[in-house]
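# Understanding the architecture of this molecule
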Number of protein chains: 4
Amino acid sequence: MTFPAPLTGVVPPVCTPLTPDREVDVPSLLRLVDHLVGAGVDALFVLGSTSEVAYLRDAQRRLVVEAVTERVGGRLPVLAGVVDMTTPRVLDHVAAVTAAGADAVVVTAPFYARTHPAEIARHFRLVAAASPVPVIAYDIPVAVHTKLPADVVLDLAAEGVLAGLKDSSGDLAAFREIVTGARTRPDITGFSVLTGSELLVDAALALGADGAVPGLANVDPDGYVRLDRLCRAGDLERARAEQERLCALFGLVSVGDPARMGGGSSALGAFKAALHLRGVIDCPATADPQIPLSPQEVQRVGEYLAAAGLL
Amino acid sequence: MTFPAPLTGVVPPVCTPLTPDREVDVPSLLRLVDHLVGAGVDALFVLGSTSEVAYLRDAQRRLVVEAVTERVGGRLPVLAGVVDMTTPRVLDHVAAVTAAGADAVVVTAPFYARTHPAEIARHFRLVAAASPVPVIAYDIPVAVHTKLPADVVLDLAAEGVLAGLKDSSGDLAAFREIVTGARTRPDITGFSVLTGSELLVDAALALGADGAVPGLANVDPDGYVRLDRLCRAGDLERARAEQERLCALFGLVSVGDPARMGGGSSALGAFKAALHLRGVIDCPATADPQIPLSPQEVQRVGEYLAAAGLL
Amino acid sequence: MTFPAPLTGVVPPVCTPLTPDREVDVPSLLRLVDHLVGAGVDALFVLGSTSEVAYLRDAQRRLVVEAVTERVGGRLPVLAGVVDMTTPRVLDHVAAVTAAGADAVVVTAPFYARTHPAEIARHFRLVAAASPVPVIAYDIPVAVHTKLPADVVLDLAAEGVLAGLKDSSGDLAAFREIVTGARTRPDITGFSVLTGSELLVDAALALGADGAVPGLANVDPDGYVRLDRLCRAGDLERARAEQERLCALFGLVSVGDPARMGGGSSALGAFKAALHLRGVIDCPATADPQIPLSPQEVQRVGEYLAAAGLL
Amino acid sequence: MTFPAPLTGVVPPVCTPLTPDREVDVPSLLRLVDHLVGAGVDALFVLGSTSEVAYLRDAQRRLVVEAVTERVGGRLPVLAGVVDMTTPRVLDHVAAVTAAGADAVVVTAPFYARTHPAEIARHFRLVAAASPVPVIAYDIPVAVHTKLPADVVLDLAAEGVLAGLKDSSGDLAAFREIVTGARTRPDITGFSVLTGSELLVDAALALGADGAVPGLANVDPDGYVRLDRLCRAGDLERARAEQERLCALFGLVSVGDPARMGGGSSALGAFKAALHLRGVIDCPATADPQIPLSPQEVQRVGEYLAAAGLL
């Protein structure tokens, strides 16, 4: 399919359901795709952080892209993460996911290796030169431990290296600089600026963002689609109420006991527990070495769902 | 070969020479192996940070292990890094490097994903359970952004999960806690505590460490072997002089202009430039997206070599 | 005066003009106060980070509060920072600034000493117990290196310990949690939630904040008052345009060469240069050991002012 | 007294005993001074981090210096910390502590304000220019969140700005660079390089340091004096045994429950509890807002003392 320029709307980062022995549960994954597409989302993002991309073996990654692109069948764009440490390894993933049908690739700054901003820019240029599909930058300092500077992103947009940005930095002021720059610089067209926040979608759209990539949209895609439409219609009062309902629901990411498990395991475990409780996926297992939620913690996930009217 | 318990002495993390088009330069790699083995080092560590492991594609990693283990032919232990984000991906590397002949695997804490100390411990247990060879923990907070707690390392040593530690944390006080614990805890035997520092080998050995894994040993393996032997002989005055000569030589890692390139690129570029100037490898190229040293910066590497009596 | 509950609107953190020999320039300070009050701001905050509080001797701090409160004469509330490392030292500042006429005190978490969240909460309770005026929490992780947790702030609000929050954390999602909590928790009334951002005032007010404490309001108080009034009137299109004009003006904080001086020195130097160029203060000097802007950098400040229609 | 150039040996950072109502307990402080001087220490450092300098009001700081310098009566040098955020405030402390009799001042990099290395160097130059006594740099990144670069320290030593360094950075490799530079640069003489570590005194002295400033020396000054003398005598085996005994004793800093209190409160509380148990001070109270140790935690301090032969 032709990739939209710019991509807009709600783009869920799709969870990767696993079987009890930690293989990709394809039937559950396809039900999740239907659940999201049926809610009216605008595109799908597989192999992101919410998809446990860091935990998936190469063969599992390939299987996910193949299964999802086949199911979607061109109705929506499918973006695929190509998360790895440096350029040569990322390029291998680009080849794999585009062979499997991805419509765009989502690329972080290098990690593990420590790189200079000039090397980060070079990384994106090299990836874009070798990619048959558009490249979306993925700014996620909590994972890669560098922040993409706004001027670097804008210059790469102007060069045609980047087709968009997924911003998971939490820094809305820097995000605004990119949004405003993308709108006002005459050398930039069709660049998509997407927030990765669950909690500030209304604010991001109000200052000019093109869309959102909220992990919580796995659990409540209807809510985020509704929020997006209310914002676009200018109905700010109802938009804020919908956003605040979703903020309350987002509390489920903290059910895991921080003395016992990581915040990432808690959030990913809660998303999957919610999908399991809602009947979308068969098994809430997360990948190794993550600690699973306890039955009591899963029960609290259920309480969040009930409070949000989702059970 | 039977893996020594504990492993002791000088264990260079072997650089990975590349061709101008960034493929593994096997003839240069074999000359580098001969250069190191000929100097009397005690083991080799391939696919570590100094080997640019973060930049090597899977096929390149495999080729490195095969080439080195074949050349060594069992005369020395060959340790191989299995650096990747989480347990499932690390396990694929364990399978690959042990099939290629590695005598031990070197494993970091998970990265990109944020994990809890309990999940880090679980990671090492799962890797050890699936590995046919001993597991060495690799503590490198600058790359993975967590520090392995001393008590976790010691408990995993006592359980038989870990056969050793390579400490690149720069925290000699925490290192000492592990050295002392490994010597005094009755439930720990044969555990190898290795410093990754170039600059504190004499100090680490003095407080009881088993050996060192210094990247600079690529450039001057004779110096580190001499230093190790002087320390073991108790000739502390000459040991300190040798260590200080090596500290001065280590200044070459900073030749790269920090306004233009990262510290990692500068250090790796300088090691390779030095090996090229010394006639060991054919091409000083580093992997993408690293910025290469300028001719002036390479000339400064040569000055460091000359000052250290190596040219 | 009776302190408003909640305090709302535009609350500039007032710069502290200095003479060439680094004493407080009281006549310039009073002109600055008139400049701000004349623009219609809602309160003044002296001895904040923008006031160079960290650089002012105790006698200078006292002089600032005395001069400003006398000039204001009860027309507006005057908040005073009591920035110091720990409780006992902060209490001495509370005594000094309230004796000098401050209507509220603004208190950070402890710094230099590393403290636990329970100790941070205890700090605020002890300060509030001894303060004759309301206590506003000042969340500024870039200076104190801890972030005030949202639940701690809300609980202290409910206890009556805190009358408000100035949030300079840059984390709008956490800020929203406090805004929403302050509005919805039945045990909290009259709590003022203020953003310290220059760049997100429209967004902060849209999600329910009470006001803003933007350092750039020294330079363009009319702009921030206009922005505040447009937001309150629901004229979001013109509000966003005004905010974007102020975002562009804020670029002046980066005129200082980062190879030569700190970001703080650049921003404070630029604010003072702008006030000097606008004729408000006599001398743009900043306190020691800050490096001053060069003439070329000052000229660039003038270009920002001209572009914003302020010269 | 004439300040030694270089200062060498054991320099305890003296705890500040408090009364139950948090005033300086002068009789206990004087007993502590006698306890340290009687053990043969080489100098005293008051108003350091271990002295709770961050918690002491200005009047309390002055009282400490007056009481200690009077008791010492010139038998040993007394160094005094002048810990505050920036140059002007530090200069007020310099005036106060030198009026009260301090023989040298100990100065950190600026904090709270974020400064550039050039501004840090300027800070030390301005302080030294105004100080009637020698200036010792205090490198304590955990408190001030910047690391003093080795080359800056050495250049300031060569200029005569600095008379010494207390290194509490934990980075022994950078420390070594300063030690070696101070010994080998012809433009540096009489510069004292002191480690702030409790755990690596033997290693620091072996690589050429002049002495140590260990907080634990409050609890066991005899141990550190013995360790210093063994190292200087070249009796490395017994030195290492003594150091390891002190490392084990240092475990007492972790008795406080990290779920309930900060690491600093635990360490300072444990030092004071130990001094109380050993009969040196009357009251183990720490300053606000620190959480005190529980009776069970104090009992564990006693067990550490007993194990070290100190009860």
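Everything quoted here is computed from the prediction, not taken from an experiment. (Residues numbered from 1 in each chain as written. Chains lettered and ligands numbered in written order. Predicted model: local features only at pLDDT ≥ 70, side-chain atom pairs only at ≥ 80, totals over all residues. Heavy atoms only, no water.)

Looking now at the relation of the copies chain D and chain C. For the pair chain D and chain C, the relating rotation is 180 degrees, the translation along its axis is 0.0 Å, and the fit reaches an RMSD of 0.0 Å. Between the two chains, the operation in question is that of a two-fold axis. When you check the interface residues of chain D against chain C, 100% turn up at the interface there too, and the contact is symmetric in its surfaces. (Least-squares fit on C-alpha atoms with pLDDT ≥ 70 in both. Contact = heavy atoms within 4.5 Å.)

Quick look at the interface of chain A and chain C now. Each partner contributes residues to the interface: chain A has 18 residues there, and chain C has 18 residues. Overall, the association of chain A and chain C removes approximately 1,400 Å² of surface from exposure, summing both partners, and the carbon and sulfur fraction of that is 51%. Counting across the chain A and chain C interface gives four salt bridges. For Arg176 of chain C, the salt bridge identified is with Asp202 of chain A, shortest N-O distance 2.7 Å. One can count eight residue pairs in polar contact (both at pLDDT 80 or more) joining chain A with chain C. Listed by contribution, the elements that provide at least two residues to the side of chain A that touches chain C are helix H7 (172–184), helix H8 (201–206) and helix H10 (236–250) of chain A. For the side of chain A that touches chain C, the residue count by class is nine nonpolar, four polar and five charged. (Buried area = accessible area lost by both parts, 1.4 Å probe. Salt bridge = Lys/Arg side-chain N within 4 Å of Asp/Glu carboxyl O. Polar contact = N/O pair within 3.5 Å; in protein donor to acceptor, adjacent residues only side chain to side chain. Helix = DSSP H or I, 4+ residues; strand = E, 2+ residues; numbered from the N terminus. Nonpolar A, V, L, I, M, F, W, Y, C, P; charged D, E, K, R; others polar.)

With that settled, consider the relation of the copies chain A and chain C. When chain A is brought onto chain C, the operation consists of a screw motion whose angular component is 180 degrees and whose axial shift is 0.0 Å, with 0.0 Å RMSD remaining. Both copies contact each other with a shared surface, as 100% of the interface residues of chain A are interface residues in chain C too.

Residue and element names in this part refer to chain D. Residues Ser192 and Leu194 point to one face of strand S7 (residues 192–195) and Val193 and Thr195 to the other, with burial holding for every one of them. Summarising the sheet, strand S6 (residues 164–167) and S7 pair through four bridges and their orientation is parallel. Counted as the bridge partner of Lys166 is Leu194 from S7. With helix H7 (residues 172–184) bridging S6 and its parallel neighbour S7, the resulting β-α-β unit is right-handed. Direction of pairing for S7 relative to strand S8 (residues 211–212): parallel, over a ladder of two bridges. Within the sheet, the bridge partner assigned to Leu194 lies in S8 and is Gly211. As for the winding sense of the linkage, the β-α-β connection from S7 through helix H8 (residues 201–206) to S8 is right-handed. (Buried < 20%, exposed > 50% of the residue type's maximum accessible area, 1.4 Å probe, protein only. Pairing = 2+ DSSP bridges. Right-handed = clockwise from strand over helix to strand, strands pointing away.)

The next subject is the packing of helix H4 (residues 117–130) of chain A against helix H6 (residues 150–159) of chain A. Residue and element names in this part refer to chain A. Closest axis-to-axis distance for the H4/H6 pair is 11 Å, and the angle between their directions is 25 degrees. Judged on the interaxial angle alone, H6 and H4 are roughly parallel. H4 and H6 meet at a crossing whose hand is right-handed. Across the interface between the two elements, Ala121, Phe124 and Arg125 from H4 touch Val152, Leu156 and Glu159 from H6. A breakdown of the residues in the contact of H4 with H6 according to their chemical character gives four nonpolar, no polar and two charged. (Axes fitted to C-alpha atoms, helices over the stretch in contact; angles between N-to-C directions. Parallel < 35°, antiparallel > 145°, perpendicular 65-115°, else oblique. Left-handed = near helix turned anticlockwise from the far one by under 90°.)

What follows covers helix H9 (residues 221–232) of chain C. Residue and element names in this part refer to chain C. When the terminal C-alpha atoms of H9 are compared, their 17 Å separation across twelve residues agrees well with the 16 Å that a helix rising 1.5 Å per residue should span. Those residues of H9 not exposed but buried are Pro221, Gly223, Tyr224, Val225, Leu227, Asp228, Leu230 and Cys231. Residues of H9 that are buried in the fold lie against strand S1 (9–10), helix H1 (26–38), helix H8 (201–206) and helix H10 (236–250). Phi turns positive, to about 75 degrees, at Gly234, one or two residues after H9. (Expected span 1.5 Å × (residues − 1).)

Moving on: the interface of chain D and chain C. In this complex, chain D contributes 46 residues to the contact, which on the side of chain C involves 46 residues. Overall, the association of chain D and chain C removes approximately 3,900 Å² of surface from exposure, summing both partners, and the carbon and sulfur fraction of that is 55%. By the criterion of area lost to chain C, the three top residues of chain D are Arg89, Tyr112 and Pro289 of chain D, representing 21% of everything that side buries. The tally of links between chain D and chain C comes to eight salt bridges. With a shortest N-O distance of 2.5 Å, Asp92 of chain D and Arg57 of chain C are connected by a salt bridge.

For the rest of this paragraph, the subject is the sheet that holds strand S4 (residues 104–108) of chain A. Within a sheet, neighbouring strands are paired by backbone hydrogen bonds and run either parallel or antiparallel to one another. Residues and elements named next belong to chain A. Taken together, eight strands build an open sheet; the order of strands is S1-S8-S7-S6-S5-S4-S3-S2 and the sheet is parallel. Where the open sheet ends on each side, the last strands, each with one partner, are strand S1 (9–10) and strand S2 (44–46). Here three bridges tie S2 to strand S3 (residues 78–81), and the two strands are oriented parallel to one another. The partner of Phe45 across the bridge, within S3, is Leu79. Along the sheet, helix H2 (residues 58–72) makes contact with S2 and S3, crossing S2 at roughly 165 degrees. Strand contacts of H4: S4 and strand S5 (135–139), with the helix running at about 160 degrees to S4, the strand carrying the most contacts.

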